[in-house]
Amino acid sequence: MTVSSIIPTVLLSCDNNEKKNNENVVGYETDILIVGGGTAGVIAAIQAGRAGCKTILLENGSRLGGTMTTGGVSFPGLFHAWGKQIIDGIGWELVSEAVAMNGDELPDFAIPFGRRHPKHQVFVNIPLYAVLAEEKCIQAGVSIRYYETPVKIVNNKHGWEVDVAGKGTACKIISKQLIDCTGNALVTSMAGYKVIKENDTQPGSLIFELDGYELDKLDFDDLNQRYQKAIEEGRLYKKDAYGGVRGLLTAKRGLATQHVLNADSTTSETHTLANIEGRASMLRIIRFVKTLPGCEKAYIKKMQPETAVRETYRIDGLYRITHNDYVEGKVFDDSLSYSYYPIDLHVEEGVTPKHLEEGKVATIPLRALIPKDSENFIVAGRCVSSDRLANSALRVQASCMGMGQVAGAVAALACRNNTTPSNVPLNEIKALIKKYNGIIPA
């Protein structure tokens, strides 16, 4: 595990009017600036906006939702554990509304499936979720800025000065509070705080779905032999289909059996490499599948535009959640949201989830969302301060939604009280989260 900086080198070109030295660069003032419109960032923005704060949300893509939408993992983890709901609030509001509008049905959460946790997965319509997230942000008064990313971050007596660049745009945003929801702690590093990354990271996956064949008519004994031969001959790699040929042909609704090794979304360069490798793998897969008897007319029914990434950088927080904290369900004095998922560390060969013992539900303390030595700064989502095993479960979307609501509430109260997140009274945070139906660990 290494502590490092990921501050990128950025070149800004002048526009057609050849503006120099930031002359006439547009400036904006806001209470809260959130960078990253993914799973956590959306919820943080809605919470901050509903709390009455002027809020700007930066997203370098074209839509909100992150892993759930662009990444295609359309089942956002687990909101229920052992027969009761443990994550509610704004995230659940958005998910359940998307399910209802799409005419889908929720699982029976009263049944405590435990180790059979997929029975409690909630699937959402990806485009619908994205547009509902956008609508709720706008209704909360959030200013969304797509296709933009920070290029320089400076801490000053007023809070933060953030230089932002985008498609044909350049501006400076002055913000009292800053929330990093990038997933890779990019803003944390740019602000000068320490971040942590493993030497080896979990592989990513390009989510896709194949069609054009009838499963019940396929001879899987024969297909398995052809699969092994293709791997031996180098026409297909084990990482392309770690679940074997059956897993490859039955993957539906965001379930992936493909791994893109060392997938990293930290910079444009590393993210480009991850996307290229994911698509090259997809070509190997479809070419192989079309050679199988009964699959000659196979085609790619859908494929996400980006490789979904599981692990990059995490913050070095005031507290680091450990694997033991997670599996024991430790409740801290400053625990503000729950997390429930098996320890889910992916490796090249696949993944074997390690389930929590019956009745155990993990919690997330406020301190794990605040970088050491920081002021007016908080994070939410996958970059939460945690060790690698704990993070393999904390990274799922339901948990990130809970963290997003906490971060939005804390930042809003820090603005209201003219203080920094670590000094906001816990009773005020809990009251604001509960106002919007969030569940506080007890």
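Reading the values: rules and limits
Residues numbered from 1 in each chain as written. Predicted model: local features only at pLDDT ≥ 70, side-chain atom pairs only at ≥ 80, totals over all residues. Heavy atoms only, no water. Core = buried A, V, L, I, M, F, W, Y, C linked by side-chain atoms within 4.5 Å. Buried < 20%, exposed > 50% of the residue type's maximum accessible area, 1.4 Å probe, protein only. Helix = DSSP H or I, 4+ residues; strand = E, 2+ residues; numbered from the N terminus. Contact = heavy atoms within 4.5 Å. Polar contact = N/O pair within 3.5 Å; in protein donor to acceptor, adjacent residues only side chain to side chain. Expected span 1.5 Å × (residues − 1). Axes fitted to C-alpha atoms, helices over the stretch in contact; angles between N-to-C directions. Parallel < 35°, antiparallel > 145°, perpendicular 65-115°, else oblique. Left-handed = near helix turned anticlockwise from the far one by under 90°. Nonpolar A, V, L, I, M, F, W, Y, C, P; charged D, E, K, R; others polar.

Undergrad: I'd like to hear about the nonpolar core, residue by residue, with values.
TA: Ile32, Val95, Leu178, Ile179 and Tyr326 are the most contacted members of the largest nonpolar core, which totals 103 residues. Residue contributions to this core peak at 13 residues, all from helix α10 (residues 397–417). Aside from chain neighbours lying at most four places away, what touches Ile32 is Ala48, Cys53, Lys54, Thr55, Ile56, Ser175, Gln177, Ile179, Ala411, Ala412 and Cys415. Counting 22 residues, the second largest nonpolar core, distinct from the first, contains Leu210, Leu218, Leu249 and Ile286.

Undergrad: Residue-level account of the side chain of Asn184, with values.
TA: Looking at where Asn184 falls in the secondary structure, it is placed in the loop between β9 (169–180) and α4 (186–190). Residue classification places Asn184 among the buried residues on the basis of a relative accessible area of 4%. Here Thr182 takes part through its side chain, which lies 3.0 Å from a polar atom of the side chain of Asn184. A polar contact of 3.1 Å, which involves the side chain of Asn184, links it to the backbone nitrogen of Leu186.

Undergrad: Can you tell me about helix α2 (residues 89–101), naming the residues and giving the values?
TA: Since the α-helix packs 3.6 residues into each turn, any two residues three or four apart lie on the same face. Here α2 is 13 residues long and its end C-alpha atoms lie 18 Å apart, about the 18 Å a rise of 1.5 Å per residue gives. Of all the residues in α2, the buried ones are Gly89, Ile90, Gly91, Trp92, Leu94, Val95, Ala98 and Val99.

Undergrad: Kindly report on the packing of helix α1 (residues 39–50) against α2, identifying the contributing residues and their values.
TA: Packing of α1 against α2 brings their axes to within 9 Å, and their N-to-C directions diverge by 110°. Viewed along their axes, α1 and α2 adopt a mutual orientation that is roughly perpendicular. The way α1 lies across α2 gives a crossing that is right-handed. For the pair α1 and α2, the contacting residues are Val42, Ile43, Ile46, Gln47 and Arg50 in the first and Ile90, Gly91, Glu93 and Leu94 in the second. Partitioning the contact of α1 with α2 into residue classes produces five nonpolar, two polar and two charged.

Nothing here speaks to function; it is all geometry.
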